[in-house]
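Each chain, letter by letter, is given below.
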Amino acid sequence: MGFCCFGQRAVLLVSLLLAIAGVLVEGQGTRVGFYSASCPRAESIVRSAVQSHFRSDPTVAPGLLRMHFHDCFVNGCDASILIDGTGSEKTAPPNLLLRGYEAIDDAKAQLEAACPGVVSCADILALAARDSVVLTGGATWAVPTGRRDGTVSQASDAANLPGFRDSVDLQKQKFAAKGLNTQDLVTLVGGHTIGTSACQFFRYRLYNFTTTGNGADPSIAAAFVPQLQALCPQNGDGTRRIGLDTGSVNRFDNSFFANLRDGKGILESDQMLWNDASTKNVVQRFLGIRGLLGLTFNVEFGRSMVKMSNIEVKTGTAGEIRKVCSKIN
């Protein structure tokens, strides 16, 4: 074999390996700019729809971020969370308070008018989550697209969603099952910087949690307990919503981690991240603790979101492109 031919083959082989690596880096068949030819305005249409709904109701931002998370953790990022019907995912207890469906439906209607049958609901949800972070002051990131929509949606499949009373070990186990490591766990939970919770999900930490002291969970800062008790009286309205990032509820930043350090985590599962050595180290790195290699929350959040948004995605000929996000074709 002549050197010329060998050299050409070597170049082709290297090119092929780089192409394969590129696909693997971006995800299982998804890629940035998937709609650049088939629906060039896809991302701007989604962004405009989310902006419009955010202007009239800012709670749509944390709602869409949480919805994408809940979708990806149940049978992958396939928009199965959006399907209506008895016993569908959205009827599962952890999903009953999800919000933002109208923004997704609005974006889908506009996309169907511009590019019928092209853009999946799963991709709309991934893009809307990113746009929600940007609208609340977070940094943007490139979202790989090309997901297709699932055709199965069962409430029973939502049983393994991370829960507000999960230990750190259980949280790590649930994330690892989806290919996400401890740093991804802490980073993605940091999305609670723009989240809220109903009193019913953490009030048990404030009253009769222990038989000593003030009766509250000892991991809550003592001076913070009366503030929370005033917001969530023992026999008060359990549906009243409280910000998960005290002092910075509607702003996407790393102050959530400072609150964990200060004993002001609202959900028990959040505060536990400061009390476990493996997750505390990541929290400290986000806070820039001296002697530790620092992490930039905005940068790491985008990276972890790309990983999460590629969980068990359906691409190619798998699944379908729904015409209406709330029902299978």
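Conventions and cut-offs
- Residues numbered from 1 in each chain as written.
- Predicted model: local features only at pLDDT ≥ 70, side-chain atom pairs only at ≥ 80, totals over all residues.
- Heavy atoms only, no water.
- UniProt positions renumbered as here; feature names shortened; annotations may be inferred.
- Helix = DSSP H or I, 4+ residues; strand = E, 2+ residues; numbered from the N terminus.
- Rg over C-alpha atoms; globule rule 2.2 N^0.38 Å.
- Buried < 20%, exposed > 50% of the residue type's maximum accessible area, 1.4 Å probe, protein only.
- Contact = heavy atoms within 4.5 Å.
- Areas by Shrake-Rupley, 256 points an atom, 1.4 Å probe, with all protein chains shown as cover.
- Axes fitted to C-alpha atoms, helices over the stretch in contact; angles between N-to-C directions.
- Parallel < 35°, antiparallel > 145°, perpendicular 65-115°, else oblique.
- Nonpolar A, V, L, I, M, F, W, Y, C, P; charged D, E, K, R; others polar.
- Core = buried A, V, L, I, M, F, W, Y, C linked by side-chain atoms within 4.5 Å.
- Lys, Arg positive; Asp, Glu negative; His and termini not counted.
- Salt bridge = Lys/Arg side-chain N within 4 Å of Asp/Glu carboxyl O.
- Polar contact = N/O pair within 3.5 Å; in protein donor to acceptor, adjacent residues only side chain to side chain.
- pLDDT = per-residue confidence, 0-100.

For the chain, the name recorded in an unreviewed UniProt entry is Peroxidase, with Hibiscus sabdariffa as its organism. Here the chain is described in UniProt, under the heading Function (unreviewed entry), as follows: "Removal of H(2)O(2), oxidation of toxic reductants, biosynthesis and degradation of lignin, suberization, auxin catabolism, response to environmental stresses such as wounding, pathogen attack and oxidative stress. These functions might be dependent on each isozyme/isoform in each plant tissue." We quote the UniProt Catalytic activity (unreviewed entry) comment for the chain here in full: "2 a phenolic donor + H2O2 = 2 a phenolic radical donor + 2 H2O".

Once that is clear, we can look at the overall build of the chain. Of the regular secondary structure elements, the chain holds twelve helices and two strands. Of the regular secondary structure in the chain, the N- to C-terminal order runs α-α-α-α-α-α-α-β-α-β-α-α-α-α. For a compact globule of 329 residues, the expected C-alpha radius of gyration is about 20 Å, and the chain comes in at 22 Å, within 12% of that figure. Taking the principal axes of the C-alpha coordinates as reference, the chain spans close to 80 × 50 × 35 Å. Looking at the 329 residues of the chain, the share that counts as buried comes to 48%. For the chain, contacts bridging at least 24 residues in sequence account for 73% of all contacts bridging at least 6. Just so you have it, the chain exposes about 15000 Å², and 57% of that area is on carbon and sulfur atoms.

One way to put it is that helix H7 (residues 182-189) packs onto helix H12 (residues 297-308) with a least axis distance of 9 Å and a crossing angle of 110°. Looking at the two axes, H7 sits roughly perpendicular to H12. Across the interface between the two elements, Gln-183, Asp-184, Thr-187 and Leu-188 of H7 pack against Phe-297, Glu-300, Phe-301, Ser-304, Met-305, Lys-307 and Met-308 of H12. Residue composition of the contact of H7 with H12, grouped by class: five nonpolar, three polar and three charged.

Attention now goes to the nonpolar core. In terms of nonpolar packing, the biggest core is built from 70 residues, with Leu-82, Phe-301 and Met-308 touching the most fellow members. The biggest single contributor to this core is helix H5 (residues 121-135), with nine residues. Other than its neighbours up to four places away in sequence, Leu-82 contacts Met-67, Lys-90, Tyr-101, Ile-104, Cys-121, Leu-125, Arg-322, Cys-325 and Ser-326. Ranked by size, the runner-up nonpolar core spans 14 residues in total, among them Tyr-207, Val-225, Cys-232 and Leu-244.

What follows covers the side chain of Arg-148. Along the chain, the position of Arg-148 falls in the loop between H5 and helix H6 (168-176). No salt bridge is formed by the buried Arg-148; its nearest oppositely charged neighbour, Glu-320, is found at 7.3 Å. Here Ala-318 takes part through its backbone oxygen, which lies 2.6 Å from a polar atom of the side chain of Arg-148. Beyond its immediate sequence surroundings of up to four residues, Arg-148 is in contact with Cys-77, Asp-78, Ser-120, Ala-122, Lys-314, Thr-315, Gly-316, Thr-317, Ala-318, Gly-319, Glu-320 and Ile-321.

On to the confidence of the model for the chain. When pLDDT is averaged along the chain, the result is 91; 91% of the residues meet or exceed 70. Long-range and interchain partners of residues 3-7, a stretch whose pLDDT sits below 50, account for one contact in this model, where long-range means more than four residues apart. Per-residue pLDDT stays below 50 along residues 10-27; that stretch engages in seven contacts with residues further than four places along the chain or on separate chains.

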